[in-house]
Amino acid sequence: MMSSTRKHALKDMTFAEFRERLPEKPVILLPFGSQEEQGPHAPMGDLMLTEAVAAKVAEVSDSIVAPIIPFGYADFFKTIPGGIQFRPSTFSAVVEDTVTAFLDHGIEHILILNGHTSNAPLFDQTLRRIRAERGVSVAFINLWQAIPDALWKELHGSSAAAARGHGGDPLTSIYLHLFPELMRMDLARPSVRERAFGLPTGGVNNVQFEGMPVHVPLNCHEVNIDGMLGGDPLLASAEKGAKMVEHLVGFCARFVEHLRRCDMRSVTAFSPREEKAAS
């Protein structure tokens, strides 16, 4: 039976305690967040959400969570004060240094929990380079994209599309669930997108021409003065946030259980018995 005092946060462990866990070949969770605007109603430190979810995943799955990397790649948020953004080269270097800190000690079961979607292309590039150089695959989950359409429909019904987006859900509901005391819902308002070059904006990466996207690099305030890139926060609620967190923790914990059965140096190394159980 697992001890109720068993630690799951690396920052809380002495090096001797961590060393004692190494024979178990623990799964290491690496949470990455962001310090960026989330509209006028929500805290800028969405890193808090990733940190909280990662801590819950570690407890449920008996994995070990490393301290969060609080900043990400988000050039298009630079025009709103209060954010802190890494350059692409800096972010890639931080990812590599963080991952190899464990690989250097033979710790190969690593899962990144990514709380900032725009980090994803840089994760892919960096982790592919690490695999080519080290022979080890490192997985990452884009947390806010890991909420299935069925749950969106359950929570928001026909309003799912209107609720979803930067400044709306899922983060507003999750904030209301985890950190309600920090919210300013009196300042909440729906996102209304501006036009750029006389065309509708499809986000910070494109404008719409004849119904098709054309890539144009935009800054968040050029899409919406409040930096809200879609989503109506007035459709959010703490109850919806609780169900989103419950799903995310369960999903990530189940993947951790699957991951610990894998040989991260071989994509085919999975026993028939375990494969049948996982299917």
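Residues numbered from 1 in each chain as written. Predicted model: local features only at pLDDT ≥ 70, side-chain atom pairs only at ≥ 80, totals over all residues. Heavy atoms only, no water.

**Some words on the overall build of the protein chain**
The secondary structure content of the protein chain amounts to ten helices and eight strands. For the protein chain, the C-alpha radius of gyration of 20 Å lies close to 19 Å, the compact-globule estimate for 279 residues. Principal-axis analysis of the C-alpha atoms places the extent of the protein chain at approximately 60 × 40 × 40 Å. By residue count, 51% of the 279 residues in the protein chain fall in the buried class. Total accessible area computed for the protein chain in this model is approximately 13900 Å², and 56% of it derives from carbon and sulfur atoms. Charged side chains in the protein chain number 27 positive and 33 negative. The centres of these two groups are separated by 4 Å. (Helix = DSSP H or I, 4+ residues; strand = E, 2+ residues; numbered from the N terminus. Rg over C-alpha atoms; globule rule 2.2 N^0.38 Å. Buried < 20%, exposed > 50% of the residue type's maximum accessible area, 1.4 Å probe, protein only. Areas by Shrake-Rupley, 256 points an atom, 1.4 Å probe, with all protein chains shown as cover. Lys, Arg positive; Asp, Glu negative; His and termini not counted. Charge placed at Lys NZ, Arg CZ, Asp CG, Glu CD.)

**Describing the environment of P67**
For P67, the location among the structural elements is in the loop between β2 (64-65) and α3 (88-103). Take P67: its relative accessible area is 46%, and that puts it in the partly exposed class. Setting aside its immediate chain neighbours within four residues, P67 contacts L10, K11 and P31. (Contact = heavy atoms within 4.5 Å.)

**Considering the pattern of salt bridges**
Scanning all chains against the criterion turns up 16 salt bridges. The partner of R128 in a salt bridge is D124, with the nearest N and O atoms 3.1 Å apart. Of this pair, R128 and D124 both sit in helix α4 (residues 120-134), four residues apart, roughly one helical turn. We classify D124 as partly exposed; its relative accessible area is 33%. Where salt bridges share partners, they join R6, R21, E24 and D62 into one cluster. (Salt bridge = Lys/Arg side-chain N within 4 Å of Asp/Glu carboxyl O.)

The analysis is restricted to geometry; functional conclusions fall outside its scope.
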